[in-house]
Amino acid sequence: MNRRSVLKTGGMALVGFGLGSCRTASPTGASRSTRPAPAVLAPVHASWDRVLRTTVGLRPHRDGGFVLRAERLDDKTLIHNYGHAGAGMSLGWGCGVLVSELALQASGRRAAVIGCGSPGLTTARQLQRRGFDVTIYAMTVPPNTTSNMSLAGFTPTTALVNKDKRTPEWDAQFLRAAEISYRQLQLMVGRTYGVHWMDSYNATDTPTSGSGRGGEGRGNYATDAELVPEALRPNRFRELLGPGEHPFPTKYAVRTLALSIEPSIYLDALVRDFLTFGGRIVIRRFDTPRDLVTLTEPVVVNCTGLGSYTLFDDKELVPVKGQLTALVPQPEIDYRAGGPTSNGVNATMNSRSDGLIVGNLQDPGNWSLEPDEEVRQRNVNAAIEFFSAMRAPKPGARLTRSDPPRSAPQLESFFDVDS
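Being a predicted model, the structure only gives us computed values, none of them experimental.

Asks: When you look at the overall build of the protein chain in this model, what are you seeing that I'm missing?
Replies: Per the secondary structure count, the protein chain includes 9 helices and 15 strands. Across the 419 residues of the protein chain, 55% fall into the buried class. As presented, the protein chain carries roughly 17500 Å² of accessible surface, and 52% of it is formed by carbon and sulfur atoms.

Asks: Sorry, what's going on with helix α9 (residues 373-388) here?
Replies: Side chains of residues three or four places apart in an α-helix project in the same direction, reflecting 3.6 residues per turn. With 16 residues, α9 ought to run about 22 Å at 1.5 Å a step, and its terminal C-alpha atoms sit 22 Å apart, in line with that. Those residues of α9 that sit buried are Val 375, Asn 379, Val 380, Ala 382, Ala 383, Phe 386 and Phe 387. Angularly, the buried residues of α9 cover 155° about the axis, an arc narrow enough to put them on a single face. Pointing more than 90 degrees away from the buried face of α9 are the exposed residues Glu 374 and Ser 388. Looking at the buried side of α9, the elements it contacts are β1 (51-62), β6 (195-204), β11 (317-327), β12 (335-340), β13 (346-352) and β14 (355-358).

Asks: Any chance you could explain the sheet that holds strand β2 (residues 67-73) here in plain terms?
Replies: Hydrogen bonds along the backbone pair up the strands of a sheet, which may run parallel or antiparallel. Taken in spatial order, the 6 strands line up as β2-β3-β10-β4-β5-β9 in an open sheet, and their pairing is mixed. Bordering the open sheet on either side are β2 and β9 (280-283), each of which pairs with just one other strand. On average, each strand axis in the sheet is tilted by 20° relative to the strand beside it, whichever way the strands run. Two strands pair when backbone bridges link them, and strand β5 (residues 133-138) and β9 are joined in this way by 4 bridges, in the parallel orientation. Following the sheet pairing, Thr 135 is matched in β9 by Arg 280.

Asks: Just checking my understanding: could you explain the packing of helix α3 (residues 118-129) against helix α6 (residues 263-276) for this structure?
Replies: If you want to describe how two helices pack, look at the angle between their axes and the distance between the axes. Axis separation between α3 and α6 bottoms out at 10 Å; the angle between their running directions is 30°. Classed by the angle they form, the pair α3 and α6 counts as roughly parallel. α3 and α6 meet at a crossing whose hand is left-handed. Side by side, α3 and α6 meet where Ser 118, Leu 121, Thr 122, Ala 124, Arg 125 and Gln 128 of the first sit next to Tyr 266, Leu 267, Leu 270, Val 271, Asp 273 and Phe 274 of the second. Looking at the contact of α3 with α6 residue by residue, the class counts come to 7 nonpolar, 3 polar and 2 charged.

Asks: Mind showing me how you'd approach the confidence of the model for the protein chain here?
Replies: When pLDDT drops low, the exact placement of atoms in the prediction is not to be read closely. On average, residues of the protein chain score 86 in pLDDT, and 84% of them reach the 70 mark or higher. Across residues 211-217, where pLDDT falls below 50, the model places 22 contacts with residues more than four positions away in sequence or in other chains. Of the regions scoring below 50 in pLDDT, residues 228-236 engages in 21 contacts with residues more than four places distant in sequence or in other chains.

Asks: How do you make sense of the packing of aromatic side chains when you look at a structure like this?
Replies: The geometry of an aromatic ring pair is captured by two quantities: the separation of the ring centres and the angle between the planes. Inspection of the entire model under this criterion finds 9 aromatic pairs. Taken together, a centroid distance of 6.0 Å and an interplanar angle of 80° make the contact between Tyr 137 and Phe 286 edge-to-face. A residue pair is termed long-range when its members are at least 10 positions apart, and Tyr 137 in strand β5 and Phe 286 in the loop between β9 and α7 (289-293) qualify at 149 residues. We note that Tyr 137, like Phe 286, is buried. Taken together, the ring pairs connect Tyr 201, Phe 248, Tyr 335, Phe 386 and Phe 387 into an aromatic cluster.

Asks: Please explain the pairing of β14 as it appears in this structure.
Replies: Regular strands place side chains that alternate from one sheet face to the opposite one. The sheet contact formed by β11 and β14 spans 3 bridges and is antiparallel. Counted as the bridge partner of Ala 326 is Ile 357 from β14. With antiparallel pairing between neighbouring strands as the criterion, β13 and β14 make up a hairpin whose turn holds 2 residues.

Asks: How do you make sense of the environment of Thr 304 when you look at a structure like this?
Replies: Inspection of the secondary structure puts Thr 304 in the loop between β10 (299-302) and α8 (308-311). Here the alpha-carbon distance between Thr 304 and Gly 120, two residues 184 residues apart in the chain, equals 7.8 Å. Beyond its immediate chain neighbours, meaning those up to four positions away, Thr 304 contacts Tyr 82, Ile 114 and Leu 311. Within the structure, Thr 304 has its side chain in polar contact with the side chain of Asn 302 (distance 2.7 Å).

Reading guide: rules and limits
Residues numbered from 1 in each chain as written. Predicted model: local features only at pLDDT ≥ 70, side-chain atom pairs only at ≥ 80, totals over all residues. Heavy atoms only, no water. Helix = DSSP H or I, 4+ residues; strand = E, 2+ residues; numbered from the N terminus. Buried < 20%, exposed > 50% of the residue type's maximum accessible area, 1.4 Å probe, protein only. Areas by Shrake-Rupley, 256 points an atom, 1.4 Å probe, with all protein chains shown as cover. Expected span 1.5 Å × (residues − 1). Arc of directions from axis to C-beta. Contact = heavy atoms within 4.5 Å. Pairing = 2+ DSSP bridges. Axes fitted to C-alpha atoms, helices over the stretch in contact; angles between N-to-C directions. Parallel < 35°, antiparallel > 145°, perpendicular 65-115°, else oblique. Left-handed = near helix turned anticlockwise from the far one by under 90°. Nonpolar A, V, L, I, M, F, W, Y, C, P; charged D, E, K, R; others polar. pLDDT = per-residue confidence, 0-100. Phe/Tyr/Trp six-rings, centres within 6.5 Å; stacked < 30°, edge-to-face > 60°. Polar contact = N/O pair within 3.5 Å; in protein donor to acceptor, adjacent residues only side chain to side chain.

See below:
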């Protein structure tokens, strides 16, 4: 099979990659002959006195999607790999492979990677795996990168590309990058990298509602159905829990499977791996493309995210502000959940070892790194209202735990998950 055929059929590989889930389930709203065991969940303790911190991150969005291409810069090969919006943690490994294939066409096996977030670190590791001597140059390193500020999970389409700006070539890049990244992240599940399978509950009063995982301000971003051809659209197997089968203050809850990433653990582990395999990190700022010419490496990879707005004058880049608030961690909670409140705000909670992360935001065009107090109040108050209405388990009841899937869910089942 030639390369063009691979690109055309790459997405098909995942159709049979795994149709199972962690439980036997039926499509949402379908009738079932047997009911699932009730979900017995540890209650979320949400209150203002449990607030630890509020963080802000700016997703680097381009209407036309991420940029991944090579060009010449004097005698160097310059490879761009930026603009992944809210999918930088999700697409990094796959984009790193695409970068490596371009780098292998250049002379020499030394590379400079500009940027030390998820795209830069995963690209550097993929280059190392192919025999490159790699140095990362960056102004900031974990825990102070944009990637550290993310909700973090496998969310390969968050604010990624506008509906009317996609091209067949870009779609092929995206599908291949998503497939490679999905498989790589599954290999990293465990405490070492902070990657976990996790049950996700969407509380709802309508059994036919969607996943409820969309963030505020989706705007003109392409949806999952628009990013894949009809033959590849997910056959959504979601488990519908009815009255009495879940503890949430709604009639129904839809249970799906999430692939969660803990940024602080994950990024620190990538730094350790990179250094273990001989990589170097140099703190340095680049103001113009001519500054890159002074580097000794023949291959330079631009993974600067929003930095490309000024470094390469890419005015198509737009920040999409996100804001999260962390509450005191609860180790007994190993699930995600969300649902409606009385004023229409959707409450969300994602359990991590560094805290219960509540709230979400997609605010295009906002360059401010300062927390918005109105958003913070809205997110925390929504969490307090929703989770205080959860039904507590009976004393001595055995809690429902998030279990790894028997086989991997389809890649496309994550195409509407927001980060």
